[in-house]
Amino acid sequence: MARKYFGTDGVRGRVGKAPITPDFVMRLGYAAGGALVARDGLKPQDRPTVLIGKDTRISGYMLEAALEAGFAAAGVDVMLCGPMPTPAVAYLTRALRLQAGVVISASHNPYDDNGIKFFSAQGTKLPDAVELDIEARLEQPMVCMESAKLGKARRVDDAAGRYIEFCKSTFPNDLDLRGLKIVVDSAHGAAYHVAPNVFHELGAEIVGVGDTPNGLNINQEVGATAPDTLRRTVIEARADCGIALDGDGDRLVMVDAAGRLYDGDQLLYVIARHRARSQNIPGIAGTLMSNLGFEHALGRLGIALGRAKVGDRYVLEMMQEQAWLFGGENSGHIICLDRHTTGDGIIAALQVLAALRAGNETLADACADLQLYPQKLINVRMPSGFDWSADGGIKAAVKAAETTLDGCGRVLLRPSGTEPLLRVMVEGQDAEIVTALAESIARAVKSAFEA
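Here goes a summary of the coordinates provided. Predicted, not measured: the structure shown is a model, and the values here were computed from it.

## Some details on the nonpolar core
Logical step 1: Membership of the largest hydrophobic core comes to 66 residues, with the highest contact counts inside it found for Phe-199, Ile-284 and Ile-346.
Logical step 2: For Phe-199, the contacting residues outside a window of four places in its chain are Leu-177, Val-184, Ala-204, Ile-206, Ile-243, Ile-346, Ala-349, Leu-350 and Leu-353.
Logical step 3: Ranked by size, the runner-up nonpolar core spans 31 residues in total, among them Val-25, Ala-32, Ala-100 and Ile-116.

Set out below in structure tokens:
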């Protein structure tokens, strides 16, 4: 059954427009609360408790209050931890033995977007069946519990400290970061008061970037999706490396001392290459967007690459199905199931740094055997409901590109799960040809719905 509100990463949209409105979010909290009570079969005296965290968007105050009201009306207690990275909420939900965690965030999107995503009691994304149950309950009238059964709310005062210690525990006890100067870019987002402390407490000298959120500047010219600021700061500060997270802290890119950028494929390769020296790694879960060069480099290590649909939830599903420990996306979502239940930018960075420290290497050294194929990604904004897959002109443009690549590259068209975009990706050995082919397909897409 198709989901009406949930996308690949929860419910997301422009604040003030359906579904990201106070009334809908209150009903969403009520519906989710009802689903939790029904799923867990709890007795009335053992009402469920959920944790609510958020990033630094100004709309988070409004949506937090709406969610709290919805859960309380359903008889669900709420714990509030304020601005915290998405993976921190996943961890705290599990550590505090709660029934669910909720994050108010639109991740890497601009400040005037926002969203709601849920975690299970195990710190994983909700199964499709539970999301469908929530959606079904949204169609039912909202009926408030009697006063004696309403939920209560309280603050979690030590959430940041708990999470900082958890992150540090994933770094080897016999290693530290002393002698390293690291630029940490928190994207003016949820990790601004967490990430710098993690790396500093492990011994590094920290230069902070994107650590002064004001509610409106999240992801604005900083963070994993805008790494130029990180690159410039690393060079100016003569730092050893730079780390950039996105607005909710689950995505990572890094920069070396020379200002070279390393994406999720390269960083996951560094982790896999290091771990393969001491443990068997039969396979790694990537996505349809994972680079061919990454796949070939893993193959030389004897590691298979599986390609899931784009979205960290699908990467995780493949990892669980195959009993694999590592997976990720080239956008910077990296999952290490031997360290955490979900993708975590801080923990992924720690695993990369552990590999470099153990081998006394730089990022360039560790990636020397990985040569990425040129990729060109073009986002084409398209009308809602447009059936791009049935258009003859688009099909012809794709076929022409595949003929030109002659088996030495890939063409991928896929709709965004969070925005009204068609993502056009072409990958091959020649950058100029790849760019020309991607632009040709993008023109065909625009012509199709503008006609």
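## As for the packing of helix α3 (residues 86–95) against helix α5 (residues 159–169)
Logical step 1: At a closest axis distance of 10 Å, the pairing of α3 and α5 adopts a crossing angle of 95°. Taken together, the axes of α3 and α5 are roughly perpendicular relative to one another. The residues of α5 that touch α3, namely those facing Pro-87, Ala-88, Tyr-91, Leu-92 and Arg-94, are Ala-159, Arg-162, Tyr-163 and Phe-166.
Logical step 2: Looking at the contact of α3 with α5 residue by residue, the classes come out as seven nonpolar, no polar and two charged.

## A word on the pairing of strand β3 (residues 77–83)
Logical step 1: Within β3, six of the seven residues are buried, which leaves the element mostly enclosed by the surrounding structure.
Logical step 2: Between the parallel elements strand β2 (residues 49–54) and β3, the chain passes through helix α2 (residues 60–73) in a crossover that is right-handed.

## Observations regarding the packing of aromatic side chains
Logical step 1: Applying the stated rule across the entire model yields four aromatic pairs.
Logical step 2: Look at Phe-6 and Phe-118: their rings are 6.1 Å apart centre to centre, the planes differ by 50°, and that puts the pair in the tilted class. Of the two residues, Phe-6 is situated in the segment before β1 (11–14) and Phe-118 in strand β5 (residues 113–120); the sequence distance between them amounts to 112 residues. Like Phe-118, Phe-6 is buried.
Logical step 3: Between Phe-386 and Phe-449 the ring centres are 5.6 Å apart and the planes differ by 75°, which places this aromatic pair in the edge-to-face class. Note that Phe-386 is positioned in the loop between β16 (375–381) and α13 (392–405) and Phe-449 in helix α14 (residues 431–450), a separation of 63 residues in sequence.
Logical step 4: Residue class for Phe-449 comes out partly exposed when judged on its relative accessible area of 22%.
Logical step 5: The lysine or arginine in question, Lys-309, covers the ring of Tyr-314, its NZ or CZ lying 4.3 Å from the ring centre.

Rules used throughout
- Residues numbered from 1 in each chain as written.
- Predicted model: local features only at pLDDT ≥ 70, side-chain atom pairs only at ≥ 80, totals over all residues.
- Heavy atoms only, no water.
- Core = buried A, V, L, I, M, F, W, Y, C linked by side-chain atoms within 4.5 Å.
- Buried < 20%, exposed > 50% of the residue type's maximum accessible area, 1.4 Å probe, protein only.
- Contact = heavy atoms within 4.5 Å.
- Axes fitted to C-alpha atoms, helices over the stretch in contact; angles between N-to-C directions.
- Helix = DSSP H or I, 4+ residues; strand = E, 2+ residues; numbered from the N terminus.
- Parallel < 35°, antiparallel > 145°, perpendicular 65-115°, else oblique.
- Nonpolar A, V, L, I, M, F, W, Y, C, P; charged D, E, K, R; others polar.
- Right-handed = clockwise from strand over helix to strand, strands pointing away.
- Phe/Tyr/Trp six-rings, centres within 6.5 Å; stacked < 30°, edge-to-face > 60°.
- Lys NZ or Arg CZ within 6 Å of the ring centre and 35° of its normal.

These values are about where atoms sit, not about what they do.
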